[in-house]
Amino acid sequence: FQKMDKSYEGVFRFGTTTDSFDRDGKVTETGPAPNLTLDQWQTAAARFVGPQSQLPPAFSAKRIGSRRAYDLAREGTEFTLEPVPVEIYGFEVDPVTESDLHFRLKCSSGTYVRAVARDLGQAVGSPAHCFQLCRMAVGSFSVQQCNPLDAPFDPKGFIPFDTIDAGLALHRTGPREERLLLNGQDIPAPPALYGQGRLVKVLSPTGRFL
């Protein structure tokens, strides 16, 4: 699928860090919370804006061979993750209390907000973790456009999958191919799709999503 930028809002808590860098992990370090002014917080956050290499948390879905990193971390198995390229486009902060920092973050796909909490804590000399997190937008889709949980299919916010541009390769069938697919049979991939990945969006001759 096409990788989409994401926007988040939440709270980083300073003075405590965990093995997963969020509130559900085990506390691994405590220390004093930083005593910074708003200008000092904003200066610290501004250093993270731009392209960078980020070390993913051990408790992440990254693969180590055939295993997920979080499975190995839960077993206590030692392993090494490689830094990955990410980019932070915007990072706004506003202190709530001495230990809590409200933030708004816009970043590239693949960015771990928990790792931002860890790294910001290291930058200001205080152990930190992500205490609250809400994803506000993915690509052009925002929370404001969403339906409530008690009315998920309300036409106001419901978007059928076939109308979403997920960055998939596209194939428009002929009538024979359409009949085969609707009968549960495979069709050969045309040469134009070679090397396009495993997922393909297939349309009928009239443009109907199959």
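So, here's what we can say about the structure. Keep in mind that what you see is a predicted model, and the values were worked out from it rather than measured.

### Section: the sheet that holds strand β8 (residues 100-107)
Alright, step 1. The 6 strands lie next to each other as β4-β7-β8-β1-β9-β10, forming an open sheet whose pairing is antiparallel. Where the open sheet ends on each side, the last strands, each with one partner, are β4 (50-54) and β10 (141-142).
Alright, step 2. Against the sheet, helix α1 (residues 38-46) touches β1 (6-14), β7 (84-95) and β8, its axis set at about 170° to β7.

### Digging into the layout of surface pockets
Empty pockets left among the atoms are what a rolling probe the size of a water molecule brings to light.
Alright, step 1. Of the volumes computed, that of the largest pocket is approximately 460 Å³.
Alright, step 2. If you trace the largest pocket, you find 22 residues lining it, with Tyr8, Thr111, Tyr112, Val113 and Arg135 closest to the centre.
Alright, step 3. Residue assignment for the lining of the largest pocket shows that the elements contributing at least two residues are β1, β7, α3 (113-124) and β9 (128-138).
Alright, step 4. Looking at which element gives the most residues to the lining of the largest pocket, the answer is β9, with 5 residues.
Alright, step 5. Of the residues in the lining of the largest pocket, the class split is 9 nonpolar, 5 polar and 8 charged.
Alright, step 6. Looking at the second largest pocket, its volume works out to about 300 Å³.
Alright, step 7. Around the second largest pocket sit 15 residues that line it, and Phe141, Ser142, Cys146, Gly157 and Ile159 are the ones nearest its centre.
Alright, step 8. Taken together, the elements giving at least two residues each to the lining of the second largest pocket come down to β9 and β10.
Alright, step 9. Ranked by the residues each element gives to the lining of the second largest pocket, the list is headed by β9, at 4 residues.
Alright, step 10. Broken down by class, the residue content of the lining of the second largest pocket amounts to 9 nonpolar, 4 polar and 2 charged.

Reading guide: rules and limits
Here, residues in each chain are numbered from 1, in the same order as that chain's written sequence. Note on the predicted model: pLDDT of at least 70 is required for a residue's local features to be given, and 80 or more for side-chain atom pairs to be given and counted; whole-chain, interface and lining totals, by contrast, use all residues. Side-chain measures were taken over the full set of non-hydrogen atoms in the model, leaving aside hydrogen atoms and water. When DSSP finds two or more bridges between two strands, those strands count as paired. The secondary structure listing takes helices from DSSP runs of H or I that are at least 4 residues long and strands from runs of E that are at least 2 residues long, numbered from the N terminus. Contacts were defined at the residue level, with two residues in contact if any of their heavy atoms lie within 4.5 Å. The angle between two axes is taken between their N-to-C directions and runs from 0 to 180 degrees, where each axis is a line fitted to C-alpha atoms and a helix contributes only its stretch in contact. With a 1 Å grid laid over protein atoms only, a set of points is called a cavity when a 1.4 Å probe fits there but cannot get out and a pocket when it is open yet has protein on both sides within 12 Å along at least five of seven lines; lining residues have an atom within 4 Å of a point. Grid points are joined across faces, edges and corners, and a volume is the space filled by probe spheres set on the points. The nonpolar class holds Ala, Val, Leu, Ile, Met, Phe, Trp, Tyr, Cys and Pro. Asp, Glu, Lys and Arg form the charged class, and all remaining residues, Gly among them, are polar.

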